[in-house]
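Okay, here's what each chain looks like letter by letter:
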Amino acid sequence: MTPRTITELAAALRDGSTTPRTLLDAALAHVDRTEQDLNAYLAVTRELGYMQADAASHMLEEHPDTASPLCGIPMALKDVLCVDGIDTTAGSKILRGFKPPYTSTAVQRLFDAGAVCVGKTNCDEFAMGSSTENSAYGPVGNPWDIERVPGGSSGGSAATVAAGSVPYSLGSDTGGSIRQPAALTGVVGFKPTYGRISRYGLIAFASSLDQIGPFTRTVEDCALVYTTIAGHDPRDSTSDPRAVDDPLASLHAGVAGMRLGIPREYLGEGTEPGVRDAVQAAFRVLEAQGATLQEVSLPSTDVALSVYYIIAPAECSSNLARYDGVRFGSRVERPSLTDTYLQTRGVGFGNEVKRRVMLGTYALSSGYYDAYYRQAQKVRTLVSQEFEAVFKEVDAIVCPTSPSVAFPMGSRDDPLSMYMCDVVTLPANLAGIPGISVPCGFVDGLPVGLQVIAPRFEDARVMRVAHAYEQATDFHAQLSPYASAAA
Amino acid sequence: MTETATIAAALDRYEVVIGLEVHAQLLTRSKMFCPCPADYTSAAPNANTCPVCLGLPGVLPTINQEAVDFTVRTALALHCDIPPFTKFDRKNYFYPDLPKGYQISQYDLPLSVSGHLEFPVGGDAVRCGITRVHLEEDTGTMHHAGDVLQSATSSLIDLNRCGVPLMEIVGEPDLRTPEAAREYLVRLRQILTYIGVNDGNLEKGSFRCDANISLRPRGAQELGVKVEVKNMNSFRAVQRALESEIERQTEVLDAGGTLVQETRGWVEAQGRTISQRSKEQAHDYRYFPEPDLPPLRLDAAFVERVRATLPELPEARAHRFQQQYGLTAYDAAVLTDTRDEADTYEALVAARVPAKLAANWQSGDVAALANEHHVPLQHSGLGIDGLASLLRLVDAGTINGPTAKELLAELYVSGGNPEGLVRDRGLAQVSDTAELSALVDAAITANPAAAADFRAGKQRALGQLMRAVKEATGGKADMPLVNRLLRERLLEQ
Ligand SMILES: [Zn+2]
């Protein structure tokens, strides 16, 4: 038995061949078997899970036809998503023991649909990183090679789907934190349009860039999860009120007649040859499906990275000010207030978080604001405008998700080389546009991801292109050793 | 030299430049960015809080539209422009009463700009520019076991006030005397309470004021070194603190010294300001646009809808009272001091009480009773309707002044129907000419000496005769009529 998709499990739950409890038992057993190698979870929510599984059984019995396809199906949540009464650490020591008294809107929508929570997944501290090595609770192993990173920051959420423990999970993507780990672990990862998914209850890294999204085994599953969590939330003023297009309606429409752009800047020198080959092969597959491919240009790509590393740290320096030890989380008690602040934050935050808080504080300081933050906002606008111009020529952009495949743990100890991981994903965050990663091949047994990017609110189009590609290939059906072992 | 004389002497040589910043809490039902009640005084500490105003991880602010409406209303009352585009910004600093580590405020694109306030000071018209009126959130409150946080052994934090909508009204440095500064605040508070956005309580801090003050030699173009003065919680304190600053700064300048740019706190008990923070120690607030809130677009139609909710403002109303009711400038000002006062007055006039009569009674006896009992008329036993019927009895001549005064005092507390009481107790004024003429004759007969004195030219002798008639009617005589009848009878004989 191979790990099944949401669609398959939903059918099995309805034909009586399985039950929510059976699925949860299996997921928990799988997690128990693999955690020692993977460290994908920061908390397993057994009690909550069984309660939800029983409620889901009820829903399926009472309303088998109207129950959500997600009803009774196990899933996992990145530990930056708040769940009422459940430990939520954001991968940081400073939040050790914090139990939020509320549930994030996206998660509540899953719960309302009958989802069964298996646990909270490991991640880079406050979602800052591209390898999950910045977690205060140890790194996550890539199920394809546990000596290598799963990408990040949502490494745990990606790894648990790749390992076959759960058919889907939620992550958050600020500069590529869903798409890049999806690519590195061979699963589907989707960052919706900014404003599509409520950020209420998502522990903020950089508010203007953060977006919640799913990891799944297939694009169809991705559409199912997206449809459940998307839509306006009055508690998030940046969530968009317009109606959500149903991606399932256009999922099978194919790419025939579509114009797809390949940004020349996205296949630059930094791209590993194996990745380049796999992605170019993917372009030919799309062409064979009837799409027209053409080269396009996004000239600001090289400065987008710098812009990102001003805006994201600036927002993070302010967002993380609330972790002062006064009201919640861990506190290092000192006689004076200033020392209590310094020690609490000095001990509670890891190096990458401190680095970004300092970068951001500096960028916002009087005398530097104009040179850094204001200038960065101008370039950010430019990045958006370049995308808009390109989308006048093409319907969507296709490109690699990550310039490299999964790299060995500890191999990128210089922050800049780590930051380069996100060079082709973060422009979509700056522009607020949707992007997805689908498996598109392997290099030495390590997965490669194809990224599809479309204009704002064309989330359905992103999934349509990705689905067309997925249906023409079988990379998504290949299993990591941990998922094969589940059979 | 007395303080006033010192100030006067200083003002001869130096021009004083004062600008005021007012923080006014808005009387909205809920807080600025969450649904918690904005009333922070009547709840137990930290009872009116939620994840949003506690600054817990992952929660987001949402804008209170009522607070936006109130601020626009204020801006319009202060003749400000409302730009079509405004946004919120984060002001970053660490303090335990600020749970998020930043205050959501407005920086470079405030909700309104370029207004003014006009008012008289000692007969001269003063016009003070309003730089901006913007919207932000209040902080929590702290209770230290010790004087200040630094030396306290422990501190308790109450976040009930945290997130209460706060309006910052920044005045231009157009004020030239402490008296003008005080008058500006009096007028500003009057307007805010008139339009119902703030309760104007300086003591409790719902209306707070900081002052910037500098001195420059008369004729100088360049502004002097600016000192910010805080901790003033009454109008009197503002005036005294500014006077004290003028004295202090004058002494330094006269001695050839230089002032430092700093923040000073007013110490009421010592009657002086003390240095709190120098410019070098000033915070770098690292303002940047609040990414959790989209910019606000306030279109002209919205602004006009808010404008339509503006009541007539005190100055305009006082002017109208003079025109419409023939009141003196003084009476009109007194009767429009608060919106309640003016509404009461117009209710009395609408209830057929002559304008002048209503003005005299309302600003005289009624005001005294309201003061004495700490109860405004509308909440007294008498009420506005009761006062109107009482004054109609006066106007009709049914009761005389002294009777009305006594009834007013009684009914203010106990309540009751004036007409019924006058009837039941037989308090109606005796104004029947025949009846009074008989009593007048009786009084003259009974007091021959007084009658003779009056006829001999001693006007004062009339008093004794008047009293005799008044007593004979149990105090109910129409005294002006008695006066006339006495004179006629005494002079005809
Ligand atoms: Zn609240």
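This text goes with the structure placed above it.
Description of the structure in this document. (Residues numbered from 1 in each chain as written. Chains lettered and ligands numbered in written order. Predicted model: local features only at pLDDT ≥ 70, side-chain atom pairs only at ≥ 80, totals over all residues. Heavy atoms only, no water.)

All right, on to the overall build of chain B then. A count of helical and extended segments in chain B gives 16 helices and 15 strands. Taking 23 Å as the expected radius of gyration for a compact globule of 493 residues, we find that chain B reaches 30 Å, considerably beyond that expectation. With the C-alpha coordinates aligned to their principal axes, the bounding extent of chain B is approximately 95 × 55 × 50 Å. Taking all 493 residues of chain B together, 50% fall into the buried category. For chain B, contacts bridging at least 24 residues in sequence account for 69% of all contacts bridging at least 6. Between the mean site of the 50 positive side-chain charges and the mean site of the 65 negative ones, chain B shows a separation of 1 Å. (Helix = DSSP H or I, 4+ residues; strand = E, 2+ residues; numbered from the N terminus. Rg over C-alpha atoms; globule rule 2.2 N^0.38 Å. Buried < 20%, exposed > 50% of the residue type's maximum accessible area, 1.4 Å probe, protein only. Contact = heavy atoms within 4.5 Å. Lys, Arg positive; Asp, Glu negative; His and termini not counted. Charge placed at Lys NZ, Arg CZ, Asp CG, Glu CD.)

This part takes up the interface of chain A and chain B. Of the residues lining the interface, 38 residues belong to chain A; the matching set on chain B comes to 33 residues. With both chains or domains summed, chain A and chain B bury close to 2,700 Å², and 60% of this area falls on carbon and sulfur atoms. Between A:R199 and B:D292 there is a salt bridge, and its shortest N-O distance comes to 3.0 Å. Linking chain A to chain B there are 16 residue pairs in polar contact (both at pLDDT 80 or more). Broken down by secondary-structure element, the contributors of at least two residues to the side of chain A that touches chain B are helix 10 (301-319), helix 11 (337-348) and helix 12 (351-364) of chain A. Residues that form the side of chain A that touches chain B fall into these classes: 20 nonpolar, eleven polar and seven charged. (Buried area = accessible area lost by both parts, 1.4 Å probe. Salt bridge = Lys/Arg side-chain N within 4 Å of Asp/Glu carboxyl O. Polar contact = N/O pair within 3.5 Å; in protein donor to acceptor, adjacent residues only side chain to side chain. Nonpolar A, V, L, I, M, F, W, Y, C, P; charged D, E, K, R; others polar.)

Enumeration according to the criterion identifies 26 aromatic pairs over all chains in this entry. Both rings, one in B:F33 and one in B:F88, keep their centres 5.6 Å apart while their planes meet at 85°; by these two values the pair is edge-to-face. Residue B:F33 is located in the loop between strand 1 (14-25) and helix 2 (65-77), and its partner B:F88 is located in the loop between strand 2 (85-86) and strand 3 (89-92); the two are separated by 55 residues in the primary sequence. What links up through ring pairs into an aromatic cluster is the set A:F98, A:F126, A:Y323, A:F328 and A:F349. Its guanidinium or amino end placed over the ring of A:Y200, A:R235 lies 4.1 Å from that ring's centre, counting from NZ or CZ. Sitting above the plane of the A:F457 ring, A:R242 keeps its charged end 3.9 Å from the centroid. (Phe/Tyr/Trp six-rings, centres within 6.5 Å; stacked < 30°, edge-to-face > 60°. Lys NZ or Arg CZ within 6 Å of the ring centre and 35° of its normal.)

We now examine the environment of A:Y41. Residue and element names in this part refer to chain A. Take Y41: it is sitting in strand 1 (residues 41-44). Separated by ten residues in the primary sequence, Y41 and V31 place their C-alpha atoms 8.4 Å from one another. The contact partners of Y41, leaving out residues within four places of it in the chain, are V31, E35, A76, V118, G119, K120, T121, N122, T160, S165 and V166. At 2.7 Å, the side chain of Y41 and the side chain of T160 are in polar contact.

Residues and elements named next belong to chain B. Reading across from one edge, 5-6-9-1-10-11-12-13 is the order of the eight strands in this open sheet, with mixed pairing throughout. For this open sheet the edge positions go to strand 5 (112-121) and strand 13 (272-278), each flanked by a neighbour on one side alone. For this sheet, the mean angle separating the axes of adjacent strands, direction not counted, is 30°. With five bridges connecting them, strand 1 and strand 9 (residues 165-171) associate as antiparallel partners. Each bridged residue has a counterpart across the sheet, and for A24 the counterpart in strand 9 is M167. Along the sheet, helix 2 makes contact with strand 5, strand 6 (124-137) and strand 9, crossing strand 6 at roughly 165°. (Pairing = 2+ DSSP bridges. Axes fitted to C-alpha atoms, helices over the stretch in contact; angles between N-to-C directions.)

Residues and elements named next belong to chain B. Spanning twelve residues, helix 8 (residues 339-350) covers 16 Å between terminal C-alpha atoms, matching the ideal 16 Å at 1.5 Å per step. In this fold, the buried residues of helix 8 make contact with helix 3 (178-194), helix 6 (314-325), helix 7 (329-335), helix 9 (355-373) and helix 10 (383-395). Positive backbone phi, approximately 65°, marks R352, located one or two places after helix 8. (Expected span 1.5 Å × (residues − 1).)

A few words on the coordination of the zinc ion. All names here are of chain B. Taken together, the protein ligands of the zinc ion are C34 (SG), C36 (SG), C50 (SG) and C53 (SG), with distances of 2.3 to 2.4 Å. One can describe the site at the zinc ion as tetrahedral: its four donor atoms subtend angles covering 100 to 115° at the metal. Positions of the donor residues of the zinc ion, expressed as sequence spacing, correspond to C-x1-C-x13-C-x2-C. (Donors = N, O, S within 2.8 Å, 3.2 Å for Na, K, Ca; no water. Tetrahedral: all angles 85-135°; square planar, octahedral: opposite > 155°, others 65-115°.)

A word on the packing of helix 11 (residues 401-414) of chain B against helix 12 (residues 418-425) of chain B. All names here are of chain B. Where helix 11 contacts helix 12, the axes come no closer than 11 Å and their chain directions differ by 125°. Here helix 11 is positioned oblique relative to helix 12, judged by the angle of their axes. Of the two elements, helix 11 crosses helix 12, and the hand of that crossing is right-handed. From helix 11, L407, E410 and L411 reach across to helix 12, where they touch P418, L421, V422 and R425. A breakdown of the residues in the contact of helix 11 with helix 12 according to their chemical character gives five nonpolar, no polar and two charged. (Parallel < 35°, antiparallel > 145°, perpendicular 65-115°, else oblique. Left-handed = near helix turned anticlockwise from the far one by under 90°.)

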